[in-house]
Every structure is written in structure tokens, then in C-alpha cells.
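Analysis of the macromolecular model
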Amino acid sequence: MSKKVAIITGASSGIGQATALELSKQGFRVMLAARREDRLKQLQSEVIRHGGEASYQVTDVTSFAEVEALAKATIEQFGQIDILVNNAGIMPLSFISSRKVDEWDRMVNVNIKGVLYGIGAVLPYMEEQKSGHIINISSVAGHKVMPTSSVYSGTKFAVRAITEGLRQEMKSGQNIRTTIICPGAVATELTHTISDENIIRNLQENYSDVQTLTGEDIAKAIAYAVSQPDHVDVSEIIIRPTEQAL
Ligand SMILES: NC(=O)c1ccc[n+]([C@@H]2O[C@H](COP(=O)([O-])OP(=O)(O)OC[C@H]3O[C@@H](n4cnc5c(N)ncnc54)[C@H](OP(=O)(O)O)[C@@H]3O)[C@@H](O)[C@H]2O)c1
């Protein structure tokens, strides 16, 4: 049997990068996607250096055409798509009253439409194969709203709703599974997308006593979900730092 193939969006840093390395260690062939080509190239070399198989495709998930091209390139390269990790995301937290309309648009485009485009691009192949697993990265912020997280939380609630709806739709004999992953605070580049200095300072103060998670902690949860037998659907996992209050 040929090795399973996983597409990972947002593979150029943080959780996506760690997931690519972990899944490759578990024997998956990985297709890496994001916008920063230099990072994808480096990661591809790292996977290959450790004996894995990897390819990459520069992809902006806000373009359905580019996400469809990613799925097509994966089929051309590896012949199948078994797993999609819809991980690309941004988190420019702000107060609604600050009216950062461009940031609202970008969050909706990347965090919601990007996830939908990923599903839309791989589903025809998974339906034809009669197997597949779609992992969507939501957040603890997809369960809870805090001041400044209104729009980000809105996008992450949406990811949970879309994934649960897809799970129900896929129930009848298609052998396509879905998993929602909801991380708490993970030390990555995600906070670099915040433009309000006060919000960055507050976050740093709030989490100064908390040992945050690593991308590898989340990657291991994803590896657990994808390693279950076909009859087991790990529908949702919430993972927080032990000391995280919210
Ligand atoms: N870190 C946390 O505490 C935390 C907690 C809960 C949930 N999450 C979620 O986890 C996911 C990964 O975030 P992270 O923490 O690993 O942050 P990160 O290190 O900033 O990674 C975000 C990834 O998304 C990619 N990306 C952003 N915009 C994109 C676009 N338009 N098209 C394609 N790729 C795009 C980035 O790559 P390029 O810039 O190269 O395109 C990068 O690889 C996100 O969905 C985030 O909301 C994170």
C-alpha cells in the first residue's frame, strides 16, 4: 500500500511546520503550502534529510484557484490526497471600535474562506477515493470570546460550525472524517499579525506566568487523530497550557 499523503496549509511556520515534520515522521508524504517559498523550501529539505518525502506549492489560501491548483499539484506529485490540515490563519486582534476594516476582511478571507476553499478543493478527490480526513484548526477562541477577539473568535466559531456541518454531511458511507483542533496559547509567529501595541503588551503580561504550548504539542494531537482506525472519528480536541485560565 502506498504511503498516505497529507496537505498542510500554513506550513511555513508554527503549528503547520511542526505538523509537517511530525506527520512525515509518522510515515506520511507531505505537501507543504503557504506564501513564503524560502520557508517551504527549507522545510522540504528538512523532511527529506530525515528520510521523509515532501513537496511544496506556494499558495495563498484566499484564492480558490490557488488552492485548487494545490490539490491538483498534490495529485500530480503523489497520486492521492488522504489528509488536509487546514491550518493557515491570522490573528490581528483589535477592538471593534477601532474599525480596522482591512484586518476584519483579511481574517475572514484567510480563516474562514481559506478553510472552505481547502475543503472545496480536496473533497472531489476524497469522494472519488471514498476516504479522507479533513482537520481544521480552530482555537480556544472558537469556544470563548474576549474583548479584542470578537472578529478572530467569529472566524474560529465559523471553523467549528463548518467542520461539524461537514462531519454530519459526510456520515453516509463516504469514509471521510473531520477533526476540529482547538489550541490554547502556542508560542508561534501568530501574534506578529497584531497591529495594536497595547494589545500585544497585554497579551505578554497575561501569559508571562504561563508555560505556553509548542507547535509540536499540537502536531502530536493531529498525529493522534489521523492515526485512528477508519471507524473512529476524533471530532474535536481542545488543548490548553495547563496554567491557561480561559
Ligand atoms: N498560536 C496560537 O496560540 C494558536 C492558538 C489557537 C489557534 N491557532 C491557529 O493555528 C493556526 C496556525 O497558526 P500558528 O500559531 O502556527 O501561527 P503562525 O506561525 O503565524 O503560522 C500561520 C501560518 O499561516 C500561513 N498563512 C497566513 N496567511 C496565509 C495565506 N493567505 N495563505 C496561505 N497561508 C497563509 C503563514 O504562512 P505565510 O505567511 O508564509 O503564507 C503561516 O505558515 C492558525 O489557524 C491559528 O489561528 C493558533
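Residues numbered from 1 in each chain as written. Predicted model: local features only at pLDDT ≥ 70, side-chain atom pairs only at ≥ 80, totals over all residues. Heavy atoms only, no water.

In the annotation of an unreviewed UniProt entry, the entry for the protein reads SDR family oxidoreductase, and the organism field reads Chengkuizengella marina. Here is the UniProt Sequence similarities (unreviewed entry) comment for the protein, exactly as written: "Belongs to the short-chain dehydrogenases/reductases (SDR) family." (UniProt positions renumbered as here; feature names shortened; annotations may be inferred.)

**Some thoughts on the nonpolar core**
Of all hydrophobic cores here, the largest spans 34 residues; its most connected members are Ile7, Val122, Leu123 and Ile134. Going through the elements one at a time, β1 (5-9), β2 (29-34), α3 (64-78), α4 (101-129), α5 (150-169) and α6 (197-206) are the ones with two or more residues in this core. Among the elements that make up this core, the one with the highest residue count is α4 (8 residues). If near-sequence neighbours (up to four positions away) are discounted, isoleucine 134 is found in contact with Leu84, Asn86, Ile119, Val122, Leu123, Met126, Leu166, Arg177, Thr178 and Thr179. (Core = buried A, V, L, I, M, F, W, Y, C linked by side-chain atoms within 4.5 Å. Buried < 20%, exposed > 50% of the residue type's maximum accessible area, 1.4 Å probe, protein only. Helix = DSSP H or I, 4+ residues; strand = E, 2+ residues; numbered from the N terminus. Contact = heavy atoms within 4.5 Å.)

**Focus: the site of the ligand**
Among the 30 residues in the neighbourhood of the ligand, the closest are listed as Ser12, Arg35, Arg36, Tyr152 and Thr188. At a separation of 2.8 Å, an oxygen atom of the ligand approaches a polar backbone atom of isoleucine 15. Isolated, the ligand exposes 880 Å² of accessible area, and the fraction of that covered by the protein chains is 94%. For the shell around the ligand, the secondary-structure elements that each account for two or more residues are α1 (14-25) and α5. Residues of the shell around the ligand, tallied by class, amount to 13 nonpolar, 12 polar and 5 charged. (Near = heavy atom within 4 Å. Polar contact = N/O pair within 3.5 Å; in protein donor to acceptor, adjacent residues only side chain to side chain. Areas by Shrake-Rupley, 256 points an atom, 1.4 Å probe, with all protein chains shown as cover. Nonpolar A, V, L, I, M, F, W, Y, C, P; charged D, E, K, R; others polar.)

**Looking at the pattern of salt bridges**
The final tally for this structure, using the stated rule, is 7 salt bridges. Arginine 36 is the salt-bridge partner of glutamate 189, the closest N and O atoms lying 3.2 Å from each other. Here the residue glutamate 189 occupies a position in the loop between β6 (176-183) and α6, and arginine 36 occupies one in the loop between β2 and α2 (37-49), the gap between them amounting to 153 residues. Overall, the relative accessible area of 26% leaves glutamate 189 in the partly exposed class. (Salt bridge = Lys/Arg side-chain N within 4 Å of Asp/Glu carboxyl O.)

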